[in-house]
Amino acid sequence: MSSYSNPAASDILSRILAMESPPNPEATTILARISAVAQAYEKREPGARETLIDLSQTLITTLELPSEAIQRIGWAEPARAAHCRIAVELKLFEYLKETGKNGISSSALAKKAGAEEALVARIMKHLAAMHIVSETAADVYIGTPCSNAFTEPEYRDGIIYTYDVLGPSFNALPEYLRCTQYRNPHELADGPFQHSHKTKLPYLTWLDQNSPYLSIYNRYMSAYRSGKPTWCDPGFYPISERLVAGFDVGISDVFLVDVGGGRGHDLEELREKHPLIPGKFILQNRQDVVSTIPADSKTIFQSMSHDFFTPQPVKHARAYYLHSVLHDLADDDCVRVLTNLKPALKHGYSKVLLNEIVVLETHASFSVTSMDHLVLVLGAMRVRTESQWRDLLQQAGLRVVSLSTYPGAAESLIEAELAG
Ligand SMILES: C[S@@+](CC[C@H](N)C(=O)[O-])C[C@H]1O[C@@H](n2cnc3c(N)ncnc32)[C@H](O)[C@@H]1O
């Protein structure tokens, strides 16, 4: 056997070739673009941060050898995800945060966590190598802004939810698709999620019956877009011109109904960013979510138990807002939800606002495409293109008035009203 057919030898050879070959011209181009966008980032231009992240990821895949790509995708990133989950369980991120700039050794961390020292040392080394924590001296660590944020309940729950609920569903995807001969999943109660979690329940019903995960999911939902531009930021959707102007308490004193609005985080943000908006805010969700909303939220919005598959009880509000609600549903169900809104809409006055991902025809970002796969593994759902949204609204007897986007934002704001 020649040394070239030996995989280890051929890997060494490709590394040597990579070192000896001139710099990859594509990488040089990307570096030049990074430096140009860095100037936009310095000036806080919208979208510059997201473009830098995308370019940095492109740079990595351009520079790394195929063997390195497999190592990253196949072991380094899965190990990082598992270690973050373990760190949450053992409160390692909390201990790092408490210790501040002094740093803490892995043996001290192990003692606090009640785990074997040698194991914690190995976990910490990888978390540092993957830039989740920082190593300041041999086996001494401090937290980073990222690991410190992971101690906050909503981010901590993001790690738990994505690892425990999504992780097994993604792992089950290849086997599931092999069994279905590579058909798009189209049953809410028979997909990769059910395959991996050994259940016949639709995802949301499963969440209801596994209450710790229901709270974990709801807390994470309040944080997964944290820090990103939202529809109520200046320059995204003209709230004052389109909603506040023309708001008429003689028609109804309700300004906005957030249908399926989690625990009210969007309404809190709207009130904070637009304190002068008049009228009432109403949050609607299923009873088991509404019952967990803290009492102090009542100063910002009223909450109401409502199933969005039944007729909308709040009539003639200025706007009915649905954020990431329809992407969880098949087309028929979306039409049912929208049709149930219709009798409540006042012609020429009430707006339907869909705050959803609209997939670009080309060069969709990973935050868009990964959401498509998230909803695919959880239950035969999908994100939609502009023409698919238009179709859906038309089927429900609504028409699109405007579609607002913002640089770097994955989600758009579709304003619709009664057609005809
Ligand atoms: C993907 S979450 C979106 C939450 C929130 N709008 C956001 O974007 O953060 C979907 C929401 O719809 C709610 N939901 C699911 N089925 C519902 C139903 N039949 N009626 C009302 N709300 C429902 C869920 O409880 C959850 O809060």
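So, how was this worked out
- Residues numbered from 1 in each chain as written.
- Predicted model: local features only at pLDDT ≥ 70, side-chain atom pairs only at ≥ 80, totals over all residues.
- Heavy atoms only, no water.
- Pairing = 2+ DSSP bridges.
- Helix = DSSP H or I, 4+ residues; strand = E, 2+ residues; numbered from the N terminus.
- Contact = heavy atoms within 4.5 Å.
- Near = heavy atom within 4 Å.
- Polar contact = N/O pair within 3.5 Å; in protein donor to acceptor, adjacent residues only side chain to side chain.
- Areas by Shrake-Rupley, 256 points an atom, 1.4 Å probe, with all protein chains shown as cover.
- Nonpolar A, V, L, I, M, F, W, Y, C, P; charged D, E, K, R; others polar.
- Domains from an automatic or database assignment.
- Phe/Tyr/Trp six-rings, centres within 6.5 Å; stacked < 30°, edge-to-face > 60°.
- Buried < 20%, exposed > 50% of the residue type's maximum accessible area, 1.4 Å probe, protein only.
- Lys NZ or Arg CZ within 6 Å of the ring centre and 35° of its normal.
- Axes fitted to C-alpha atoms, helices over the stretch in contact; angles between N-to-C directions.
- Parallel < 35°, antiparallel > 145°, perpendicular 65-115°, else oblique.
- Left-handed = near helix turned anticlockwise from the far one by under 90°.
- pLDDT = per-residue confidence, 0-100.
- Disulfide = S-S within 2.5 Å.

A. Focus on the sheet that holds strand 3 (residues 140-142). Spatially, the three strands line up as an open sheet ordered 1-3-2, and their pairing is antiparallel. Each edge of the open sheet carries a strand with a single partner, namely strand 1 (104-105) and strand 2 (134-137).

B. Looking closely at the side chain of Ser412. Relative to the assigned elements, Ser412 resides in strand 11 (residues 411-418). In contact with Ser412, not counting residues within four places along its chain, are Phe236, Leu354, Asn355, Glu356, Val358, Leu403, Ser404 and Thr405.

C. A look at the site of the ligand. Taken together, 18 residues are adjacent to the ligand, and Arg225, Gly260, His265, Asn285 and His323 come closest. One of the side-chain N or O atoms of His265 is found 2.7 Å from an oxygen atom in the ligand. Contact distances for the ligand include 3.4 Å between a nitrogen atom and a backbone N or O atom of His306. Protein contact buries 95% of the 590 Å² of open area that the ligand shows by itself. Class assignment of the residues belonging to the shell around the ligand gives a composition of six nonpolar, eight polar and four charged. When residues of the shell around the ligand are sorted by domain, at least three fall in each of domain 3 (153-221) and domain 4 (239-418).

D. Representation of the packing of aromatic side chains in the model. Under the criterion given, the structure shown has 14 aromatic pairs. Both rings, one in Phe193 and one in Trp206, keep their centres 5.1 Å apart while their planes meet at 80 degrees; by these two values the pair is edge-to-face. Residue Phe193 is located in helix 10 (residues 192-197), and its partner Trp206 is located in helix 11 (residues 203-209); the two are separated by 13 residues in the primary sequence. Each member of the pair Phe193 and Trp206 is classed as buried. Plain terms: the ring middles of Tyr220 and Tyr224 are 6.1 Å apart, the flat faces sit at 55 degrees to each other, and that makes the pair tilted. Members of the aromatic cluster, connected to one another through ring pairs, are Tyr161, Phe193, Tyr203, Trp206, Tyr213, Tyr217, Tyr220 and Tyr224. Just above the ring of Tyr349 sits the side chain of Arg318; from NZ or CZ to the centre is 4.8 Å. Seen from the ring of Trp389, Arg384 lies directly overhead, with NZ or CZ sitting 5.2 Å from the centre.

E. Inspection of the packing of helix 4 (residues 66-90) against helix 9 (residues 153-179) at higher detail. Interhelical geometry of helix 4 versus helix 9 gives an angle of 130 degrees and a closest axis separation of 10 Å. As far as their axial angle goes, helix 9 and helix 4 are oblique. Two packed elements cross with a definite hand, and for helix 4 against helix 9 that hand is left-handed. Facing Ala81, Ala82, Cys84, Arg85 and Val88 of helix 4, the residues of helix 9 in contact are Arg156, Ile159, Ile160, Tyr163 and Asp164. Residue composition of the contact of helix 4 with helix 9, by class: seven nonpolar, no polar and three charged.

F. Structural view of the confidence of the model for the protein chain. Chain-level pLDDT for the protein chain is 93 on average; 95% of the residues reach the 70-or-more range. Ignoring residues within four places in sequence, the model shows residues 1-5, a span with pLDDT below 50, making four contacts including any to other chains.

G. Summary view of the state of the cysteines. Counted by the stated rule, this structure contains zero disulfides. Counting only cysteine sulfurs, Cys84 is the nearest neighbor of Cys146, a cysteine outside any disulfide, at a range of 7.1 Å. When its relative accessible area of 32% is taken as the criterion, Cys146 is described as partly exposed.

H. The pairing of strand 10 (residues 398-404), seen in detail. Inspection of the sheet shows strand 10 paired to strand 11 by six bridges, in the antiparallel sense. Directly across from Arg399, in strand 11, lies its bridge partner Glu417. Hairpin connection from strand 10 to strand 11: six residues lie between these consecutive antiparallel strands, with Gly408 at a positive phi of about 85 degrees.

I. Molecular detail of the side chain of His323. Considering the arrangement of structural elements, one finds His323 in strand 7 (residues 319-323). There is a polar contact of 3.4 Å between the side chain of His323 and the side chain of Asn355. If near-sequence neighbours (up to four positions away) are discounted, His323 is found in contact with Arg225, Asp266, Asn355 and Glu411.

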